[in-house]
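Report on the structure
Chain by chain, the residues:
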Amino acid sequence: MLADPYANTGPMILPSILSADFTKLGAEIGDVLAAGGDFLHCDVLDGHFAPNISFGPHVIEAARRATPCYLDCHLMITDPVRYADAMVKAGASSLTFHVEAVDDPAATARELRKRGCRVGVTLRPATPVEAVWPVLDLVDLVLVMSVVPGFSGQQFMPEVLPKCEAVKRRLRPDQRLEIDGGIKPANIRRAADAGVDWFVVASAIFDKPDRAAAVADLRRGLAGG
Ligand code: DX5
Ligand code: ZN
């Protein structure tokens, strides 16, 4: 379990609590971290930016009470700056905003940075990679979405892998490349080969009864096995 993932290089597996059983969130978080998940991904959906509603600061605050680990928060919401203070107060370690959601991505990145958290930018599968170039120097993380934002359990879209390669070529060593959506043992190596550092995984961990076996399968996939 990592408090500051930027202190390390190498692949990280981030269980996304979107697929957790919320009747026992604390136990679920303990289980996936004990199973070898490196730190957590929190998918915030507002029902406007994407066609689903998940959770907000209240659940992030509960996750924070369940673990001291890094909480990587993916804001699939139309107004990320409006909710930034509440997210950070609740315990978010980083805030990743969608480039499609805002008029001025550079201004958004600077505003989020003022909250004292790490900052990421992300883009939908259909958004050209050039959309993130103006903000690249201002973020710690670029997240390439490999499914349409909204739900766990969708099919991986391999057509986003060239975007991963293009981003990776431009990132500094202190920045990270993340992928989110449809990651499984069978495709994780392809993403790694495209330069991805951090792998978000919801259903391929939470939907398995043995989470340690699920994480081990992903690491075997990463190793090419
Ligand atoms: C999609 C979310 C993803 C999703 C991943 O809107 O951003 O994090 O939960 O789920 P899986 O790993 O099941 O594709
Ligand atoms: Zn996500």
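Let me sum up the structure you'll find in this document. (Residues numbered from 1 in each chain as written. Chains lettered and ligands numbered in written order. Predicted model: local features only at pLDDT ≥ 70, side-chain atom pairs only at ≥ 80, totals over all residues. Heavy atoms only, no water.)

Before going further, it helps to spend a moment on the coordination of the zinc ion (ligand 2). The coordination sphere of the zinc ion (ligand 2), as far as protein atoms go, consists of His41 (NE2), Asp43 (OD), His74 (ND1) and Asp180 (OD), spread over 1.9 to 2.3 Å. Relative to the metal, the six donor atoms surrounding the zinc ion (ligand 2) lie at angles of 62 to 164 degrees, and the coordination shape comes out irregular. Exposure remark for His41: the relative accessible area of 0% places this residue in the buried category. (Donors = N, O, S within 2.8 Å, 3.2 Å for Na, K, Ca; no water. Tetrahedral: all angles 85-135°; square planar, octahedral: opposite > 155°, others 65-115°. Buried < 20%, exposed > 50% of the residue type's maximum accessible area, 1.4 Å probe, protein only.)

Attention now goes to the side chain of Asn187. Inspection of the secondary structure puts Asn187 in the loop between β7 (176-180) and α6 (188-193). Discounting chain neighbours no more than four positions away, the residues touching Asn187 are Phe156 and Gly182. (Helix = DSSP H or I, 4+ residues; strand = E, 2+ residues; numbered from the N terminus. Contact = heavy atoms within 4.5 Å.)

Moving on: the pattern of salt bridges. Counted under the stated rule, the structure contains 13 salt bridges. Close ionic contact of Asp38 with Arg219 constitutes a salt bridge, the shortest N to O distance being 3.2 Å. Placement of the pair is Asp38 in the loop between α1 (25-34) and β2 (40-45) and Arg219 in helix α8 (residues 211-222), with a sequence separation of 181 residues. Assessed through its relative accessible area of 13%, Asp38 is described here as buried. Among the ionic pairs, Asp217 bridges to Arg220, the shortest N-O distance being 2.5 Å. Of this pair, Asp217 and Arg220 are both found in helix α8, three residues apart, which corresponds to roughly one turn of the helix. (Salt bridge = Lys/Arg side-chain N within 4 Å of Asp/Glu carboxyl O.)

Every buried residue belonging to α1 is among Leu25, Glu28, Ile29, Val32 and Leu33, and all of these are buried. Each buried residue of α1 sits inside an arc of 125 degrees when the element is viewed along its axis, so together they form one side. Exposed residues on α1 whose side chains face more than 90 degrees from its buried face are Ala27 and Ala34. Next to the buried residues of α1 lie β1 (12-15), β2, α2 (57-66), α7 (203-206) and α8. Looking one or two places after α1, you find Gly36, whose phi comes out positive at around 115 degrees. (Arc of directions from axis to C-beta.)

Glancing now at the state of the cysteines. A covalent bond bridging the sulfur atoms of two cysteines is what the word disulfide describes. Under the counting rule described, the total for this entry stands at zero disulfides. Considering cysteine sulfurs only, Cys73 is the nearest to Cys42, which forms no disulfide, with 4.2 Å between them. Relative accessible area serves as the criterion here: at 0%, Cys42 is assigned to the buried category. (Disulfide = S-S within 2.5 Å.)

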